[in-house]
Amino acid sequence: MNTTSCDQEIEVLRAVHAGRWPEAIDPALRAHAAQCPVCDEVVLVACALLDDVGTGAETHPLPSASLVWWKAQLRARREAVERASEPIVIFERVAYALGCLALLGVSLWQRTRIENWLDSLGWFSTFPYQTYARGQEFLATASLFTLWVPEWTAILAAAAGILVITFALRLALADE
Amino acid sequence: MHELTLTAIEAAAEAETAFHMDEDRFRLFHERTARKLWGYLARIAGDPALADDLLQETYYRFLRARLAEDDEAYLRNYLFRIATNLVRDHWRQQKNQRSLVQPLRDDTESPVDDRTAERVQQQSDLDRALNRMKPREREMLWLAYAMGSNHKEIAGVLGMKAESIRLSLFRARRKLVALLGGSKARLRE
């Protein structure tokens, strides 16, 4: 025996855990624990903590095993569905992004027609001059860009197609 | 859109096979571990409500784990390791490790008899003493003396070296006994 541990402390702890302490144990072990400071502390601490467990059981009811199991099952199912639908969600997001780009591209491509149409509605007449001028500059730069990359129109058309197909699919499956 | 890839039945089947034990076995395991696990969580997290949430999360992660062994002691230690990590993650998220543990009981409740009054007094002594200890010390004491885990098991759960447990545990035990102070006699009875 030294000051930090005792050969008998495991035996003492087992007796406390088995609920045999102090009555139903070997008198020699009890006598040893009464004299050994290590075992004395072990008994004190173990009894205090086990009492804490006992008091918790009286004052704080726990969810049943069935409830824990059921909640775990529900969560596992939800996560399985989420995992399975992950590629579709990614595809949807990409499609929406391409769709937005397509919309922007078409607007730039057909800007003269849109402008004329808006003009016919008298929209530009109510538009503040400075904002209109800045918009014109932006559109001029953008149209230069579209001239440099003529394949843009094909890409944009494809993106718009994907967007339309995605929406159609989504609507069809939602109906089911 | 979900129906395109996984039906509800398929998802249920996948969930069933995702757990490494069946319901009956889990029921028995839960019966043997839940009370002490909750006590451990409540003591080291310092919050009974948080312990309730973490209890469910601990069992969920335990059920989803791919475990190599089937031994009861191994499973129990694995469960407590998950619980320890969850509390530590919570602390990290909170960024301010709690130093005060809230009392586990409602103090306004009046004790029904002398025995209960005595236990309530003992528990508040223990609350106060544990409140003043470090989380690591509380973890070690709980595992060693409430769970009866050996040094190797404690080291596995807490991610420490087995050789350092003996001395750390001795110091923690000494500290708790010193903090319990006046209530020592009451506890021993």
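Remember, predicted model here, so these are calculated numbers, not experimental data.

Conventions we followed
Residue numbers here run from 1 along each chain, matching the order of that chain's written sequence. Throughout, the order in which chains and ligands are written sets their labels, letters from A for the former and numbers from 1 for the latter. Given that this is a predicted model, residues contribute local features only at a pLDDT of at least 70 and side-chain atom pairs are listed and counted only at 80 or more, while totals for whole chains, interfaces and linings are drawn from all residues. Excluding hydrogens and water, the side-chain values take into account all heavy atoms of the structure. The helix and strand labels rest on DSSP assignments: H or I over at least four residues marks a helix, E over at least two residues marks a strand, and numbering proceeds from the N terminus. Any residue under 20% of the maximum accessible area for its type is buried, any over 50% is exposed, and the rest in between are partly exposed; the area is computed with a 1.4 Å probe on protein chains only. Note on definitions: a residue-residue contact is assigned when non-hydrogen atoms from the two residues lie within 4.5 Å. Two aromatic rings, drawn from Phe, Tyr or Trp (for Trp, its six-membered ring), form a pair once their centres lie within 6.5 Å of each other, and the interplanar angle then sorts them: stacked below 30 degrees, edge-to-face above 60, tilted otherwise. Buried area is a sum: the accessible area each of two parts loses on coming together, probed at 1.4 Å, counted once for each and added. Counted as salt bridges are all cases of a side-chain nitrogen of Lys or Arg within 4 Å of a carboxyl oxygen of Asp or Glu. The term polar contact refers here to a pair of N or O atoms within 3.5 Å; inside protein, the definition further demands a hydrogen-donor-capable atom paired with an acceptor-capable atom, and it admits residues adjacent in sequence only when both atoms are side-chain atoms. A patch consists of residues whose relative accessible area exceeds 30% and which take part in no salt bridge; residues with like charges are grouped when within 9 Å of each other, and nonpolar side chains (Val, Leu, Ile, Met, Phe, Trp, Tyr) when within 5 Å. Per-residue and other accessible areas follow the Shrake-Rupley method at a 1.4 Å probe size, with only the shown protein chains counted as cover for residues. Each nonpolar core is a collection of buried residues, namely Ala, Val, Leu, Ile, Met, Phe, Trp, Tyr and Cys, held together in the definition by side-chain atoms within 4.5 Å. Between N-to-C directions, angles span 0 to 180 degrees; the directions come from axes that are lines fitted to C-alpha atoms, helices contributing only their stretch in contact. For this classification, under 35 degrees means roughly parallel, over 145 means roughly antiparallel, 65 to 115 means roughly perpendicular, and everything else is oblique. Take the far helix as your reference; a near helix turned counterclockwise from it by less than a right angle gives a left-handed crossing, and one turned clockwise gives a right-handed crossing. All amino acids are sorted into three groups, where Ala, Val, Leu, Ile, Met, Phe, Trp, Tyr, Cys and Pro are nonpolar, Asp, Glu, Lys and Arg are charged, and the leftover types, Gly among them, are polar. For every residue, the predictor reports its confidence as pLDDT, a number between 0 and 100.

## Some words on the overall build of chain A
Here is step 1: Helix and strand counts for chain A come out as 7 helices and 0 strands.
Here is step 2: Shown N-terminal to C-terminal, the secondary structure of chain A runs as helices and strands in the order α-α-α-α-α-α-α.
Here is step 3: Counting every position in chain A, which comprises 176 residues, the buried fraction comes to 32%.
Here is step 4: Restricting the contact set of chain A to residue pairs at least 6 apart, pairs at least 24 apart contribute 70%.

## With respect to the environment of Leu163(A)
All names here are of chain A.
Here is step 1: By the element assignment, leucine 163 lies in helix H7 (residues 152–175).
Here is step 2: Exposure remark for leucine 163: the relative accessible area of 19% places this residue in the buried category.
Here is step 3: Spatially, the C-alpha atoms of leucine 163 and tyrosine 96 are 6.2 Å apart, while their sequence positions differ by 67 residues.

## Quick look at the packing of aromatic side chains
Here is step 1: Inspection of the entire model under this criterion finds 6 aromatic pairs over all chains.
Here is step 2: Here the aromatic residues Trp69(A), Phe19(B), Phe26(B) and Tyr59(B) are joined through ring pairs into a cluster of three or more.

## Some words on the interface of chain A and chain B
Here is step 1: Facing the 51 residues of chain A at the interface are 56 residues of chain B.
Here is step 2: Summed over both partners, the interface of chain A with chain B buries about 5100 Å², with 63% contributed by carbon and sulfur atoms.
Here is step 3: Of all residues in chain A, Leu44(A), Leu49(A) and Trp69(A) bury the most surface against chain B, accounting for 14% of the area lost on that side.
Here is step 4: Of the charged contacts, one joins Glu41(A) and Arg173(B) as a salt bridge, the two residues approaching to 3.1 Å between their closest N and O atoms.
Here is step 5: At the surface where chain A touches chain B, the tally comes to 11 residue pairs in polar contact (both at pLDDT 80 or more).
Here is step 6: Among the secondary structure elements, those contributing two or more residues to the side of chain A that touches chain B are helix H1 (9–17), helix H3 (37–59), helix H4 (65–109) and H7 of chain A.
Here is step 7: Tallying contributions element by element places H3(A) first for the side of chain A that touches chain B, with 19 residues.

## Examining helix H7 (residues 151–158) of chain B
One turn of the α-helix equals 3.6 residues, which is why residues spaced by three or four share an orientation.
All names here are of chain B.
Here is step 1: Those residues of H7 lying buried are Glu153, Ile154, Ala155, Val157 and Leu158.
Here is step 2: Where H7 is buried, its residues meet helix H2 (23–45), helix H4 (72–94), helix H6 (135–146) and helix H8 (162–180).
Here is step 3: The residue sitting at the N-terminus of H7 and contributing the capping side-chain oxygen is asparagine 150; that oxygen lies 3.1 Å from the backbone nitrogen of lysine 152.
Here is step 4: Just beyond H7, the residue with positive phi is glycine 159, at close to 70°.

## Side note on the pattern of salt bridges
Residue and element names in this part refer to chain B.
Here is step 1: If you walk through the whole model with that rule in mind, you get 19 salt bridges over all chains.
Here is step 2: Note that arginine 25 and aspartate 70 form a salt bridge whose closest N and O atoms lie 3.0 Å from each other. Of the two residues, arginine 25 sits in helix H2 while aspartate 70 sits in the loop between helix H3 (48–64) and H4, which places them 45 residues apart along the sequence.
Here is step 3: Arginine 25 gets classed as partly exposed once you look at its relative accessible area, which sits at 30%.
Here is step 4: Residues glutamate 139 and arginine 136 are paired through a salt bridge, measuring 3.6 Å at the closest nitrogen-oxygen approach.

## Section: a nonpolar patch on the surface
Residues and elements named next belong to chain A.
Here is step 1: On the surface, a nonpolar cluster with roughly 290 Å² of combined accessible area is contributed by Leu67, Trp70 and Leu74.
Here is step 2: Within the fold, leucine 74 resides in helix H4.
Here is step 3: When its relative accessible area of 39% is taken as the criterion, leucine 74 is described as partly exposed.

## Some details on the nonpolar core
Here is step 1: Within the largest apolar cluster, 79 residues are counted, with the highest numbers of intra-cluster contacts made by Leu49(A), Tyr40(B), Tyr59(B), Leu141(B), Tyr145(B) and Leu176(B).
Here is step 2: Setting aside chain neighbours within four positions, we find Tyr40(B) in contact with Phe80(B), Ala83(B), Thr84(B), Glu139(B), Trp142(B), Leu143(B), Val157(B) and Leu158(B).

## Thoughts on the packing of H4(A) against H2(B)
Here is step 1: The geometry of H4(A) relative to H2(B) is characterised by a closest axis approach of 9 Å and an angle of 125° between their N-to-C directions. When the axis of H4(A) is compared with that of H2(B), the two are oblique. Crossing angle aside, the handedness with which H4(A) passes H2(B) is right-handed. Seen from H4(A), the contacting residues are Ala65(A), Ser66(A), Val68(A) and Trp69(A); seen from H2(B), they are Glu23(B), Phe26(B), Arg27(B) and His30(B).
Here is step 2: Among the residues forming the contact of H4(A) with H2(B), the class breakdown is 4 nonpolar, 2 polar and 2 charged.

## Some words on the confidence of the model for chain A
Here is step 1: Per-residue confidence for chain A gives a mean pLDDT of 78; residues scoring 70 or more make up 78%.
Here is step 2: Across chain A, the secondary-structure element scoring lowest on mean pLDDT is helix H6 (residues 129–148) of chain A, at 63, and the one scoring highest is H1(A), at 88.

## Focus: the packing of H3(A) against H8(B)
Here is step 1: One way to put it is that H3(A) packs onto H8(B) with a least axis distance of 10 Å and a crossing angle of 70°. Taken as axis vectors, H3(A) and H8(B) run roughly perpendicular relative to one another. Crossing of H3(A) against H8(B): the hand is left-handed. Between H3(A) and H8(B), the residues in contact are Val38(A), Glu41(A), Val42(A), Leu44(A) and Val45(A) and Arg173(B), Arg174(B), Leu176(B), Val177(B) and Leu180(B), respectively.
Here is step 2: Of the residues in the contact of H3(A) with H8(B), the class split is 7 nonpolar, no polar and 3 charged.

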